[in-house]
Amino acid sequence: MGERFAYITDVHLDEEFPISKGINARKNWLRILEDIKQKNINHIIFGGDIGEAAANSWFFKTLKKFELQITLGNHDTYNTVKAFYKTKHESKQNELCYHFLDHDFNWIFLDSSSNMIQETQMQWLSEVLATAKDTLLFIHHPVLAVPTEIDKKYPLINRENLTQLLAQHGHPITVFCGHYHMNDMQVYKNITQLVTHAASFQVKKLPNSIVIDTSAFGYRIINLNRTDVKTELITF
């Protein structure tokens, strides 16, 4: 049967922009959590962009009954989140980056809240990649380019360096990310990147313009069976 995880990203709670578009991000979030409960999934991985700092308390209260891992997005700050979220795994000072190994995978969680991977974090990453295990890497920003206007305007600043480091690893790496509010898959050498649609609003996948779509929201289910990685998109 394997293990199942819910990957949710970009909920943007209580932020002015989604509110101005008529989006009830809290209602969306609770609907997603209810769907996850009905599917008997107990483990959530959040991909970043919780929303306004004042919403963090409510956000983490809704997750108390789940196992949780989290990465920070560019709308999050380490100092705000650390009051509510602790990891038993190694974490760098002032950055929420950590990893652990299980029987099949090297799990890595990066902090791109500064819109880049800082040099100290890059060095740490090179060290924790030193394993023959397949890697599941979670980061808010996409690592590989996506042919869209939003990718031109809001990319991870030093993604070329990060891509080079991951490609040197050689073993399969599956990257789970959000940030662009759309679904997408890119493959480069040993890297497979899955961008997941947002829990708030979507951005249409267009090459020369940014168009907001408020008609849908959702999350991704990750199915792991030994080293086999499959996913399923859930859309409301």
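Preceding block: the structure.
Below, the structure is looked at part by part.

Criteria and thresholds
- Throughout, a residue's number is its position along its own chain's written sequence, starting from 1.
- pLDDT decides what is reported in this predicted model: residues at 70 or higher carry local features, side-chain atom pairs at 80 or more are listed and counted, and totals for whole chains, interfaces and linings draw on all residues regardless.
- The side-chain values count all of the structure's non-hydrogen atoms but skip hydrogen atoms and water molecules.
- Working definition: helices are DSSP H or I runs of at least four residues, strands are E runs of at least two. Numbering for both runs from the N terminus.
- For each residue, the accessible area found with a 1.4 Å probe, counting protein chains only, is set against the maximum for its type, and the residue is called buried under 20%, exposed over 50%, and partly exposed in between.
- In this analysis, two residues are considered to be in contact whenever any of their non-hydrogen atoms come within 4.5 Å of each other.
- Using a 1.4 Å probe, the Shrake-Rupley method yields the accessible areas, and only the shown protein chains count as cover for residues.
- In this count, Lys and Arg are taken as positive residues and Asp and Glu as negative ones, while His and the chain termini are left out.
- By convention, the point assigned to a charge is CZ for Arg, NZ for Lys, CD for Glu and CG for Asp.
- Here an axis means a line fitted to C-alpha atoms, over the contact stretch when the element is a helix, while the angle between two N-to-C directions is reported on a 0 to 180 degree scale.
- Between 65 and 115 degrees an angle is taken as roughly perpendicular, under 35 as roughly parallel, over 145 as roughly antiparallel, and anywhere else as oblique.
- Charged residues are taken to be Asp, Glu, Lys and Arg, nonpolar residues to be Ala, Val, Leu, Ile, Met, Phe, Trp, Tyr, Cys and Pro, and polar residues to be all remaining types, Gly included.
- Note on pairing: two strands pair once DSSP finds at least 2 bridges between them.
- For this analysis, a salt bridge means a side-chain nitrogen from Lys or Arg found within 4 Å of a carboxyl oxygen belonging to Asp or Glu.
- By definition, the crossover connecting two strands over a helix is right-handed if that path, from the first strand to the second, turns clockwise as seen with the strands pointing away from the viewer.

## A word on the overall build of the protein
- Within the protein, the secondary structure is distributed over seven helices and 13 strands.
- Seen through its C-alpha atoms, the protein measures out along the principal axes to roughly 45 × 40 × 35 Å.
- Taking all 236 residues of the protein together, 53% fall into the buried category.
- Long-range contacts, defined here as pairs at least 24 residues apart, represent 63% of the contacts in the protein between residues at least 6 apart.
- When the accessible surface of the protein is split by element, carbon and sulfur atoms take 48% of a total near 10800 Å².
- One finds the centroid of the 24 positive side-chain charges in the protein at a distance of 5 Å from the centroid of its 26 negative side-chain charges.

## Comments concerning the packing of helix α5 (residues 119-128) against helix α7 (residues 159-169)
- It is at 10 Å that the axes of α5 and α7 come closest, and there the two elements cross at 10°. The pairing of α5 with α7 is recorded here as roughly parallel in orientation. Contacts between α5 and α7 involve Met122, Leu125 and Ser126 from the first element and Asn161, Leu162, Leu165 and Leu166 from the second.
- The residue makeup of the contact of α5 with α7, split by class, is five nonpolar, two polar and no charged.

## Observations regarding the sheet that holds strand β3 (residues 67-70)
- Strand order across the open sheet formed by five strands is β3-β2-β1-β12-β13, with mixed pairing between neighbours. Each having just a single partner strand, β3 and β13 (228-235) make up the two edges of the open sheet. With strand direction ignored, the average angle separating the axes of adjacent strands in the sheet is 25°.
- Judged from the three bridges that link them, strand β1 (residues 3-8) and strand β2 (residues 43-46) form a sheet pairing that is parallel. What sits directly across from Ile8, in β2, is Phe46.
- Set on the sheet, helix α2 (residues 25-38) makes contact with β1, β2, β12 (218-225) and β13; between it and β1 the angle comes to about 175°.

## Side note on the side chain of Gln121
- As for its placement among the helices and strands, Gln121 is situated in helix α5.
- Residue contacts for Gln121: discarding those within four places in its chain leaves Glu95, Cys97, Leu110 and Asp111.

## Things to note about the pattern of salt bridges
- All chains considered together, the criterion is met by seven salt bridges.
- A salt bridge links Lys152 to Glu149; the nearest nitrogen and oxygen atoms lie 3.5 Å apart. On the criterion of helical spacing, the pair formed by Lys152 and Glu149 is a turn pair, its members being three residues apart in helix α6 (residues 149-153).
- Classification of Lys152 as exposed rests on a relative accessible area of 53%.
- Overall, the relative accessible area of 12% leaves Glu149 in the buried class.

## Topic: the sheet that holds strand β4 (residues 98-101)
- The strand order β4-β5-β6-β7-β9-β8 describes an open sheet built from six strands, whose pairing is mixed. Whereas interior strands pair on both sides, the edge strands pair on one side only; in this sheet they are β4 and β8 (184-188). Averaged over all adjacent pairs, the angle separating strand axes in this sheet is 15°, with direction ignored.
- Note that strand β6 (residues 134-138) and strand β7 (residues 173-177) share four bridges and pair parallel. Each residue of the ladder has a partner; that of Leu137, found in β7, is Val175.
- Together, β4, β5 (105-109) and β6 form the strand contacts of α5, whose direction differs from that of β5 by roughly 175°.

## What to know about the pairing of β6
- The element β6 is largely enclosed, with a buried count of five among its five residues.
- Regarding topology, α5 serves as the crossover connection from β5 to the parallel β6, and that connection is right-handed.

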